[in-house]
Each structure stands twice: as C-alpha cells, then as structure tokens.
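A look at the structure
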Amino acid sequence: MSNYYQREIETAPRETLRALQSERLAQTVRRVYERVPHYRARMEERGVRPEDIKSVDDLARLPFICKQDLRDTYPYGMFAAPLREVVRIHASSGTTGKQIVVGYTQKDLDIWADCCARAIVAAGGGADDVLHVAYGYGLFTGGLGMDAAALRLGAVTVPVSSGNTPRQVTILRDFGSTILCCTPSYALHIAEVLKAQGCTKDDISLKAGIFGAEPWTDGMRREIEEQLGIRAYDIYGLTEVVGPGVAFECGEQTGMHVNEDHFLVEVIDPETGEVLPEGTQGELVFSCVTKQAFPMLRYRTRDIGVITRAPCSCGRTLVKMTKPRGRTDDMLIVRGVNVFPSQIETVLLEHGYTANYQIVVDRSVNLDGIEVQVEVGSGIFADTVKALSRKEKQLEDALQSLLGIAAKVRLLEPNTIERSVGKAARVIDKRKQAD
Amino acid sequence: MVQQLSVFLQNKPGKLAALTRALAEGGIDIRALSIADTTDFGILRLLVSDTAKAKAILDAGNYAAGITGVTVVAVPDVPGGLARVLTLLADGGVDIEYMYSLIGRGEDRAYMVFRVSDEARLLALLEQDGLSTIADAQLGIR
C-alpha cells in the first residue's frame, strides 16, 4: 500500500526532479552569495562564482559548511533573510559547544510542515489520527516540527512534549492516541512504564510511531514494535538543515526517502571530502535548495550513512538513505578501532538483552578499555551464576568478534541506567573527563 | 517441590538491605536464604512465606526475579547425615546445581534445599533409602 502526501513530487520521474533541483540550487547559490558574507568569502576562496553553478552536477564545486562555520557566525551570521522576514527561531541543544541558531521564514515553515506531513502520511497517518507528540516543544525542532505537520493534515495533535512518563502513558490510553512521535529510546521507556502500570499494548490504540533524533537499530525497531503493538517508522533530520523531515521511511521500512526536492544529499569521504559513489558508506552532506532564511549548502552532518537510488516498492522515486550508522562524533576510537554504539546495540538485541545499555570507555594504566553495561531483563535472567556468567561470556565473545577488541560486559539490575526523555546518552568516555 | 524465588542483584553496598526492606514492608517472612556471587553480581535465592506476593513486590520494584522449583530434603540430624544424602546422589548420578540449608529444623532432622539435575530421580533415591522431603505447607510457605 502506498500513501503519499504529495504524490506528484514524491513519485516524479528522476529527470523532472533533477531539473527542478538544478534550478533551485542555482537560485539558492545566488541568494547566499548576495546575502551572506560568510558564504561569499568561502566561495571566493575557492574561486567559485554563482554563475558557475548551473546544475546539480556542479554541486561539488561549492565549499563545505560545517558546525564551526555556524559557531563562528553565531547567532545570525548565516541568515539569508532579514529578521523582519524571519518568523521563527530554533536552536540545537548546544551540548557539544555553543548552540546553533537557525531561522525560518513563513515559507520555510510551510515547506518543513510539508516534509513532515509526507512522513506522517507514509506511516499511514491522516486526518483521522491522534498524534501524541512527545518530542520536546521549544527551541528543539522535534515537537513544533511534527506539530505543524499534524495540523496541516488535519489530524488531532496532543502536544504533550517530553517528560513525566506516567502522565504520558495515561494520556496515550485515555486520549486514544494512534501515532506516537518521540525518540526511539523514549518509546521504549514509555513501553516500560506502560507495563509497570499493569497495562499491555492491548490497552492502547497506537498503530504507528515515527521515531527519530537519535540513531537506532532494526533490532530496537522490532523491540518497540512488539512492545507497543505498532509499526515503527524512522524519520531523519537535523536542526541545521530543517529539523525532522529531511528524510522519512515508507511502508517498506528499508531506509528513508530524502525529500530531495528541498534537500540534496551527497555522501563524502570524511577524511578527504571526496564525493563517494552511490552505495558507498560515508558522511552525509545536505544542501537546502528551497530555504530562504537558513539555506545550508553542502552542510557536513557528521552522520555516517549510505544512499541508494534503487527503485522502491512504494513507488517513490526519492533517493533512499540507510539509517545513519551513527555520528562521527559518537564514534569511539578504542585502541585504534572505530566503534559505533549502534553496532553494540545490534549485538545486545540479538542476544536477548534490552536496548537499555551504556558504553563506558576508560583508560586503565595505558590501555583503553571498553565496558558495556546492560540491564538484565526477564529474557536474560537465570537463577544460577554459571548460566548468567555463560551469557556474559557469550556476549563478550560476540562483541570481540564484531569489534576486534575485547569488551567487558557488566550486568546491571533493571532500571539502573538513567532513562532519557530525549536523546539517550549511550557513551561515557572517561578518557575525555580525565583530559 | 517447593517454589523458590531468585533475584539478580548487583554486588553493591545496600542492595540486599533495600530488597529485604521491600519484602518486610509487604509482610513477607524469609524461611531460607542463600547468595551465589561473583565480583560484579549475585543471585539471591529465597524461600518465603508467600512466593507469589513476594514476586509481585519485586517485579513492581524493578528487580529481575524468577521462580524455580527446588526440593527440601529432611536430612538426619546426626554426624554423617548430610554425607549419606550426598553420597546417595553422587552414586545415583544426580548432579547438584546448588544447595543451602534452611533456617529452623525438625526434631531430629535438618532441612537442606537442593536444586538438582533430575528431581524425579532424587525423589526415587531418597525413597529407596527411607529419607523424606518436606512440603511447602510444612515450612509455612505458600
């Protein structure tokens, strides 16, 4: 079954899409060159003039923009529209440094709502649905982004925002919410609290969930789907590009369609900056071609993923990206080996553990050590030390064969790892704290 | 067969105290207890006055807990009594997964809790040797 919000563009022939992208790209390049001194300077450094960018084939001639550019121009330096045309500000959490401030014109907000509406419709949503939005409302893009899309579709929005999980569960139950929007780790926590209240998935009316804002694995998807009795769809986005709705999953659940009539995607080698061919894993880079207030061109996301243009059974022609494997920021380098939390999560779920885990990296003496702390759920509990130790050992062996380095497993009691209402904190790097 | 409660505990100060407090608040009496531990975690095994209620208390308190069937054997309370039972099991090919003693005893019998590889075989061996097991009701367990 194929559900489209904007069928014409979502299923447009590649050539039509390409022509549209090229025209929009050229316009946006002219816009930023004329209006944003930082862009102009960066383009001049590379000897690129706006008239050099005639089509999407010329994209790679443009300079990259990265988080540091946004910090250097804090707060409004990258805006390509005067504040009198800007109607909304959002900002990133700023947990990894100075926060990033982004602006939207009314047209930007309209396009953003369309992008998120495509995601909701692809997940089977529409005017008859009740959307429980448990993403934070405020400077974070998640809450207001999904809210605007639900409004556009005429669905009922329940703007609960994040926090107070027992109350979230009561609302889910009593209001008959049909679609849940939050981070995947928070969805699991909601399922836990539902169970603790003596309820099952049969006591709620949810049919689907749209989860994003953090990397998650297919194993975690199955876990959420089973516990809440829903289909779980991925949504991708980042504040710098627009917020949620840069890419969304269709019923096939094998990757996310990029809304590439608005956002162009490239995959590059994070070391050399070279554009990689389709199907090769690398860093995702996005260019906004319709935004007015904050049009990022070749923005380096630090998310690692793969894109494919292979036809999708849903009928959409929009390019698909895999679930990001993680951020280059989240990637741990332990004894010279690259480790992504998502790899560890996959192994945990395959071995019957829950997705409640934490990775602690420590430098004991001269050697980096990695410890995976995971809660003992009913799927793992055994009443002899021998049986539990054997499970611990099996997990350690599986991690060793996956990562190529030894990892210590520490079993924890249920509910000892702190639950997050937003993005889960997966990694505690004690090496950083010591520096 | 007697129902035994087992609980996963992290090997940290205060963990056992917190658990026993939770059971005490629920009016649960502990009849027998043993702990098997490693450096990181332990498994606490309990025979209690009301197993189902205690399990519900632990579930609500977010413990990982399970119920396992064990056998309580009335061992002659004389020198060599336990050796007699253990020899019987060894010769009869019954493996002991774990065992511990019960608080309280009969007139001339000490009570030992056994978790074994083959309970039916254990019962047959005991019967042949004129030894008996104790039912939960006799221990004030339900």
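A few points on the structure.

Cut-off values and rules
Residues numbered from 1 in each chain as written. Chains lettered and ligands numbered in written order. Predicted model: local features only at pLDDT ≥ 70, side-chain atom pairs only at ≥ 80, totals over all residues. Heavy atoms only, no water. Pairing = 2+ DSSP bridges. Helix = DSSP H or I, 4+ residues; strand = E, 2+ residues; numbered from the N terminus. Salt bridge = Lys/Arg side-chain N within 4 Å of Asp/Glu carboxyl O. Buried < 20%, exposed > 50% of the residue type's maximum accessible area, 1.4 Å probe, protein only.

Glancing now at the sheet that holds strand E11 (residues 282–288) of chain A. Residues and elements named next belong to chain A. Read across the open sheet, the four strands follow the order E10-E11-E12-E15; overall the sheet is antiparallel. The open sheet has two free edges, formed respectively by strand E10 (263–268) and strand E15 (326–327), since each of these has just one partner strand. Bridge count between E10 and E11: six bridges; the pairing is antiparallel. If you follow Ile268 over to E11, its bridge partner there is Glu283.

A word on the pattern of salt bridges. Residue and element names in this part refer to chain A. Throughout the structure, instances matching the rule amount to 33 salt bridges over all chains. Ionic pairing is found between Glu252 and Lys320, a salt bridge with its closest N-O pair at 3.0 Å. Of this pair, Glu252 sits in the loop between strand E8 (243–249) and strand E9 (256–258) while Lys320 is found in strand E14 (residues 320–321), placing the two residues 68 residues apart along the sequence. A relative accessible area of 7% means that Lys320 is categorised as buried.

With an omega of -5°, the peptide bond between A:Tyr74 and A:Pro75 qualifies as cis. You can see A:Pro75 is positioned in the loop between helix H4 (67–72) and strand E1 (86–91). Phi angles above zero are rare outside glycine, and A:Ser161 is one such case at about 65°. Overall, A:Ser161 belongs to the buried group, its relative accessible area being 16%. Positive phi values are uncommon outside glycine, yet B:Asn62 reaches one of about 65°. By the element assignment, B:Asn62 lies in the loop between helix H2 (51–60) and strand E4 (65–76).

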